Amino acid sequence: MSRIGLMPIAIPDGVNVTVAENNTVTVKGPKGTLTRTLPAEMTISQDNGELKVARPSDDKKEKALHGLTRALLHNMVVGVTDGFTKTLEINGVGYRAEKKGKTLVLHLGYSHLVNMDDPEGLETKVDGNKIIISGISKEAVGQHAANIRAKRAPEPYKGKGIKYDYETIRRKEGKTGKKA
């Protein structure tokens, strides 16, 4: 049994959920609208202000899709009501970020500046050495944060680079002199 898949999703006030053919789900809320086509094998039902996901059989594939479908639906409902944020930290001498319009400009020790435009529906803010990414799609926020982090991933010797705020960098000891 999928413990996640069996849990109902409460639909808050001000959120409208529409399930069309082919399991195309549209969720409208105060922050925006999300649309996604979910696996056709799953049955999505809406009653008494709750969404429920059911699977037709206990096949291994359908068990996996059960939990996935419910998690994706829940993320859509949370996204249009509260939204999602990820915070990145920049560490290193001379490393910094600045915002110019819809473009994030990163100074990361390269011979050139790294310019990253905000994707549609996402917003980035710079607060000192922190970059805050926010939006209604959990997938898009996480992917953009990963793309920014990939421009200069943290290295283990000095800890320089871009890391998530909750991430801890395992530090390594530097080279030691060879004794003859």
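Counting restarts for each chain: residues are numbered from 1 in the order of the written sequence. pLDDT decides what is reported in this predicted model: residues at 70 or higher carry local features, side-chain atom pairs at 80 or more are listed and counted, and totals for whole chains, interfaces and linings draw on all residues regardless. Computation of side-chain values: all heavy atoms of the structure, hydrogens and water removed.

Engineer: Before we move on, could you go through the pattern of salt bridges and cite the residues and values that matter?
Structural biologist: A pair is scored as a salt bridge if a Lys or Arg side-chain nitrogen falls within 4 Å of a carboxyl oxygen belonging to Asp or Glu. Per the stated rule, a full pass over the model turns up 7 salt bridges. Here lysine 61 and glutamate 41 are joined by a salt bridge, their closest N and O atoms 3.3 Å apart. Of this pair, lysine 61 sits in helix α2 (residues 60-81) while glutamate 41 sits in the loop between β4 (32-37) and β5 (43-47), placing them 20 residues apart in sequence. Looking at glutamate 41, the relative accessible area reads 30%, which means it is partly exposed. One salt bridge connects glutamate 89 with lysine 163, and the closest N-O pair in it is separated by 3.3 Å. Counting from the N terminus, the helices are DSSP H or I runs at least four residues long and the strands are E runs at least two residues long. Three labels apply to residues, based on accessible area from a 1.4 Å probe with only protein chains included: buried if under 20% of the type maximum, exposed if over 50%, partly exposed otherwise in between.

Engineer: Mind laying out the environment of glutamate 89, listing which residues take part and the relevant values?
Structural biologist: Among the structural elements, glutamate 89 can be located in strand β7 (residues 84-91). As for glutamate 89 and tyrosine 157, which are separated by 68 residues in sequence, their C-alpha atoms are 17 Å apart. Two residues form a contact once any of their heavy atoms are found within 4.5 Å. Residues contacting glutamate 89, with those up to four places away along its chain left out, are Asn129, Lys130, Gly161, Ile162, Lys163 and Asp165. The term polar contact refers here to a pair of N or O atoms within 3.5 Å; inside protein, the definition further demands a hydrogen-donor-capable atom paired with an acceptor-capable atom, and it admits residues adjacent in sequence only when both atoms are side-chain atoms. Looking at glutamate 89, its side chain comes within polar contact range of the side chain of lysine 130, at 3.0 Å.

Engineer: I'd like a description of the sheet that holds β7, backed by residues and values.
Structural biologist: Criterion used throughout: strands pair if DSSP finds at least two bridges between them. Across the sheet, 4 strands lie side by side as β11-β12-β7-β13; this open sheet has antiparallel pairing. Sheet topology places β11 (122-127) and β13 (161-164) at the edges, where each strand pairs with a single neighbour. For this sheet, the mean inter-axis angle between neighbouring strands, taken without regard to orientation, is 25°. The pairing of β11 with strand β12 (residues 130-135) spans 6 bridges and is antiparallel. Looking across to β12, one finds that leucine 122 is bridged to glycine 135. Here an angle of 0 to 180 degrees is reported between the N-to-C directions of two axes, which are lines fitted to C-alpha atoms, with helices fitted over the stretch in contact.

Engineer: Pulling in residues and values, what's your account of the pairing of strand β10 (residues 114-117)?
Structural biologist: Covered by surrounding structure in β10 are Val114 and Met116 only, the residues Asn115 and Asp117 on the alternate face being uncovered. Pairing of strand β9 (residues 103-107) with β10 involves 4 bridges; the strand directions are antiparallel. Residue leucine 106 lies in a different strand from β10, and its bridge partner there is valine 114. Turn length for the β9-β10 hairpin, with the two strands adjacent in sequence and antiparallel, is 6 residues, and the turn residue glycine 109 shows positive phi of about 85°.

Engineer: I'd like a description of the packing of aromatic side chains, backed by residues and values.
Structural biologist: Paired rings are identified among Phe, Tyr and Trp, the last through its six-membered ring, by centres lying within 6.5 Å, and are further divided according to the angle between planes into stacked (under 30 degrees), edge-to-face (over 60) and tilted (the rest). A complete count under the given rule lists 1 aromatic pair for this structure. With a centroid separation of 5.4 Å and 5° between ring planes, the pair formed by tyrosine 164 and tyrosine 166 is classed as stacked. Given the relative accessible area of 14%, tyrosine 164 is considered buried. In this analysis the charged atom, NZ for Lys or CZ for Arg, is taken to sit over a ring once it is within 6 Å of the ring centre and within 35 degrees of the ring normal. The ring centre of tyrosine 110 lies 4.2 Å from the NZ or CZ of arginine 152, which sits over that ring.

Engineer: Quick one: what's the story with the sheet that holds strand β2 (residues 16-19), residue by residue and with numbers?
Structural biologist: Strand pairing within a sheet occurs via backbone hydrogen bonds; the two strands may be parallel or antiparallel. Pairing in this open sheet of 3 strands is antiparallel, and the strands run β2-β3-β4 from one edge to the other. Of all the strands in the sheet, just β2 and β4 have a single pairing partner and so form its edges. Strand-to-strand twist across the sheet, computed as the mean angle between neighbouring axes with direction ignored, equals 10°. The pairing of strand β3 (residues 24-29) with β4 spans 6 bridges and is antiparallel. Its bridge partner being in β4, valine 25 is matched across the sheet by arginine 36. In the packing of α2 onto the sheet, the strands contacted are β3 and β4, and the crossing angle to β3 comes to about 25°.

Engineer: Could you give an account of α2, naming the residues involved and the relevant values?
Structural biologist: By definition here, a helix of n residues has an expected span of 1.5 Å times n minus one. Over its 22 residues, α2 extends 33 Å from the first C-alpha to the last, a length consistent with the 32 Å expected when each residue adds 1.5 Å. Two residues or fewer after α2 comes glycine 83, characterised by a positive phi angle close to 85°.

Engineer: Would you mind going over the pairing of β9 in detail, with residue names and values included?
Structural biologist: The buried fraction of β9 amounts to 5 of the 5 residues, a majority that puts the element mostly inside the structure. Here β9 shows no split at all, with Thr103, Val105 and His107 on one side and Leu104 and Leu106 on the other all buried. Summarising the sheet, strand β8 (residues 96-100) and β9 pair through 5 bridges and their orientation is antiparallel. Paired with glutamate 98 across the strands is valine 105, a residue of β9. Connecting β8 to the antiparallel partner β9 that follows it, the hairpin turn spans 2 residues, and glycine 101 within it adopts a positive phi of roughly 65°.

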